[in-house]
Each structure stands twice: as C-alpha cells, then as structure tokens.
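One-letter residues, chain by chain:
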Amino acid sequence: MPTNNPVTHTIDALAKGTVPEDDALLALLACDSLEKNQYLQERADILRRQTFGNHVYIRGLIEFTNYCKNDCYYCGIRKGCKSVTRYRLTPEEILQCCKNGYELGFRTFVLQGGEDPYWNDDRLASLVEAIRAAHPDCAITLSAGERSWESYQKLFDAGADRYLLRHETADKAHYQKLHPQDLSFENRMECLQHLKQIGYQVGCGFMVGSPGQTIEHILKDLRFLVEFQPHMIGIGPFIPAAGTPFEKEYAGSADLTVKLLSIIRLLLPKALLPATTALGTASEDGRLRGICAGANVIMPNLSPASVRKNYRLYDNKIATGAESAEGILQLKKQVERIGYEIVTARGDYPDIK
C-alpha cells in the first residue's frame, strides 16, 4: 500500500494510537477505494490479534420480553406496533435457556428486552440473583433500556456484570428525529454515565444509515466513543420495520458497517465488538465479514424458537441460533474457515480485574 496517500496516513495514524483530525476521519469515511478499505481492515485485524489473538467470544442472547412502553420511530416492537404478538418469558423459561446455553459452552448470557414495566426492579433483580446462583462462573449482561440510578445499582448488586444501552446517535437533533418527545438525548447519555460510575462493563453503539444520518453524525459517534471509552460497542445497519414511521426508509449499508468496525477497532483496540444480527440480516455473510474487519463477539440466540419471530426489531431478521450442539459446531466451523476460533470464556474487557 502506498504510504504517500492521505487516507493511508490516517489509517496508519489510527493503528499507532493517534486520533486524526475531523477532516482526515471524514476523508476516510468517504473513501470508496477497495484497496484502501482492505488495508484498513488488515490493520484492524492486526491490532485485534495483538489483544485478543484469534479468539471470538460467544454470548447467549435471550430475548426475554418484547413488550415496550416506548414508541421509538425505528423499532419493530415499539408500543404503537399493533401487529406484534407480545410475549414475556417466565423466570423458569429464562433459567432453562441459561441451562441449555451453559451445557453448550456459553459463559455469558445477555438478557435483552423492550422497556417492559412488568420487569420492575424487584422482579429483574430476583431473576439476576437466580441466574447468578445457578451459574456463578458466568457473566450476566442486561439490555433493558433506560432506568434510574437506583435501578441500575440494584441490578448490579444482584449480580449483573454488564449493561448494553445503545446511544443510537451522538447528535441531539438527530436523536430527536429518531425518538418521540418523551425520550431525551440527555437522559440517554446520563444513563450511560451512571452505568459506568456504578461499575458495569458498559456497551453503547449506534445504527448505521438511520434516517437523517449524515457522515458528520457518524463522525460525532466516533468522537463520542473515544471520549466515553465503552467496554463494548454494538453497531449495525439500520433495517426498516413494518408498522413504524420509518418502514419505507432505505436500509443502512452493510459495507459501511464493516468499515466502521475496522475504524472502531483501531480507535478502541480493547473493545468488545459484536458482529451483530443486523449485520448478518443485511448481508448473508455479514457476521463473518464483521469478524474479519475487527469484531470479536457473536451473539447466537438462545431464546425459545417459538418466540424468536416475535422479537422483530426490524424486518426479515435472521432467526438462526445455537440452541443445539449442531448449531454451535456449525458456527465454530464457519469461524475456523476464516482463521478464527470460537472460545467459551466469559470474554471480559481486558482491563477488568
């Protein structure tokens, strides 16, 4: 790769730990050269291997409720979507999902759901305590939206280790275009700060290609990630969902998502980066491409097969899972074919003691 090109200089600077100026990052984001994007991916892969080797961590995703009190304009399980068949898993069903996952080698469970008022602090804390008692060697990750400091603290004290809360966009005006007026950019950012202060391993992230998003918005997202230093970062292409105000909008780009995974890997070498289901939905080989670009986490679905089709955040969501030994074996073979290895460790952030 020629070294006298400004974009190449930017990639090299990132790989050496220097955060470039806005103009340089914008030029990198706008660059459509296959050669330079391949070079970006190679540098990201080198840096990832320096920290994580060729390991890819698996997390068992349990979509425990699709009830939600919110009406976010992009979301297929928003309160206003009348066509959704609503469900809540019982604590017994969730514990069975964890038991099944543990037997398959999972050592992290991710409980993801809408902001369901039924799952108040007492019920959710009791569930976390039960999972912790049954699987003391596992990490428990929650993704249950915006809650109070007291709520986050109670769940942390009950045994939750990690919390995922996408910031969605680091631009306030853009945030308001994606959400109704009762949701605020300030509260979302405050929740993220609270989670970090309490002691969680914190994940945030954004949609790529969400309605109204500009390249300048993506730049703001990257700047926010550098400032906030999350432990986990989940990004995926926007995919429209039927029954939402954005159902006729264009989907986000899988190619740009893959490129951003490489940029984020260079910006935050120790971050845990999932190759998301949305990326796998947008592109058949999206998750494998994501791993090659710097991602090091995959989250197979451990939810009961009977409810997966109802957790419809967006249209045509892939429902492949690892609910069987055969599923895990297939996933391992796919990852091995591209030069990586599925491991069953908890996969904590490297600096967490």
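Tracing the chain through its elements places Asp45 in helix 3 (residues 34-52). Residue classification places Asp45 among the buried positions, given a relative accessible area of 14%. Dropping the residues within four chain positions of it, Asp45 is found in contact with Cys292 and Tyr340.

Let's shift gears to the pattern of salt bridges. By the definition in use, this model includes 20 salt bridges. Arg223 serves as the salt-bridge partner of Asp22, at 2.6 Å between the closest nitrogen and oxygen. Of the two residues, Asp22 sits in helix 2 (residues 22-30) while Arg223 sits in helix 9 (residues 215-228), which places them 201 residues apart along the sequence. What makes Asp22 partly exposed here is its relative accessible area of 35%. A relative accessible area of 27% places Arg223 in the partly exposed class. A salt bridge links Asp122 to Lys154; its shortest N-O distance comes to 2.3 Å.

Each pair of aromatic rings is reported with the distance of its centres and the angle of its planes. Applying the stated rule across the entire model yields ten aromatic pairs. Centre to centre, the rings of Tyr73 and Phe246 are 6.1 Å apart; their planes meet at 85 degrees, and the pair counts as edge-to-face. Of the two residues, Tyr73 sits in the loop between strand 2 (60-65) and helix 4 (91-104) while Phe246 sits in the loop between strand 9 (236-237) and helix 10 (254-267), which places them 173 residues apart along the sequence. Relative accessible area serves as the criterion here: at 24%, Tyr73 is assigned to the partly exposed category. A ring pair is formed by Tyr175 and Phe185, whose centres lie 5.8 Å apart and whose planes are at 70 degrees; its orientation type is edge-to-face. Here the residue Tyr175 occupies a position in helix 7 (residues 172-178), and Phe185 occupies one in helix 8 (residues 185-198), the gap between them amounting to ten residues. Exposure class is identical for Tyr175 and Phe185. Each is buried. Grouping aromatic residues by their ring pairs yields a cluster made of Tyr152, Phe156, Tyr163 and Tyr200.

A separate point is the sheet that holds strand 11 (residues 341-343). The three strands lie next to each other as 10-1-11, forming an open sheet whose pairing is parallel. One side of each edge strand has no neighbouring strand; the edge strands of this open sheet are strand 10 (297-298) and strand 11. In this sheet, strand 11 lies alongside strand 1 (residues 55-58) in parallel orientation, the contact comprising three bridges. Residue Val56 lies in a different strand from strand 11, and its bridge partner there is Ile342.

Before going further, it helps to spend a moment on helix 5 (residues 121-134). Note on helix geometry: an α-helix contains 3.6 residues per turn, so any two residues three or four positions apart are oriented the same way. Over its 14 residues, helix 5 extends 20 Å from the first C-alpha to the last, a length consistent with the 20 Å expected when each residue adds 1.5 Å. Listed in full, the buried residues belonging to helix 5 are Leu124, Ala125, Leu127, Val128, Ile131 and Arg132. Buried residues of helix 5, seen end-on, are gathered within an arc of 160 degrees and therefore sit on one face of the element. Buried residues belonging to helix 5 abut strand 2, helix 4, strand 3 (108-113), strand 4 (139-143) and helix 6 (149-158). Near the N-terminus of helix 5, the side chain that reaches the backbone nitrogen of Asp122, with its oxygen 3.3 Å away, is that of Asn120.

This brings us to the packing of helix 3 against helix 10. For the pair helix 3 and helix 10, interaxial distance at closest approach is 9 Å and the crossing angle is 45 degrees. If you check the angle between helix 3 and helix 10, you find them oblique. When the axes of helix 3 and helix 10 are compared, the crossing they make is left-handed. Along its contact with helix 3, which presents Asn37, Leu40, Gln41, Arg43, Ala44, Leu47, Arg48 and Phe52, the element helix 10 presents Val258, Lys259, Ser262, Ile263, Arg265 and Leu266. Partitioning the contact of helix 3 with helix 10 into residue classes produces seven nonpolar, three polar and four charged.

Definitions and cut-offs
Residues numbered from 1 in each chain as written. Predicted model: local features only at pLDDT ≥ 70, side-chain atom pairs only at ≥ 80, totals over all residues. Heavy atoms only, no water. Helix = DSSP H or I, 4+ residues; strand = E, 2+ residues; numbered from the N terminus. Buried < 20%, exposed > 50% of the residue type's maximum accessible area, 1.4 Å probe, protein only. Contact = heavy atoms within 4.5 Å. Salt bridge = Lys/Arg side-chain N within 4 Å of Asp/Glu carboxyl O. Phe/Tyr/Trp six-rings, centres within 6.5 Å; stacked < 30°, edge-to-face > 60°. Pairing = 2+ DSSP bridges. Expected span 1.5 Å × (residues − 1). Arc of directions from axis to C-beta. Polar contact = N/O pair within 3.5 Å; in protein donor to acceptor, adjacent residues only side chain to side chain. Axes fitted to C-alpha atoms, helices over the stretch in contact; angles between N-to-C directions. Parallel < 35°, antiparallel > 145°, perpendicular 65-115°, else oblique. Left-handed = near helix turned anticlockwise from the far one by under 90°. Nonpolar A, V, L, I, M, F, W, Y, C, P; charged D, E, K, R; others polar.

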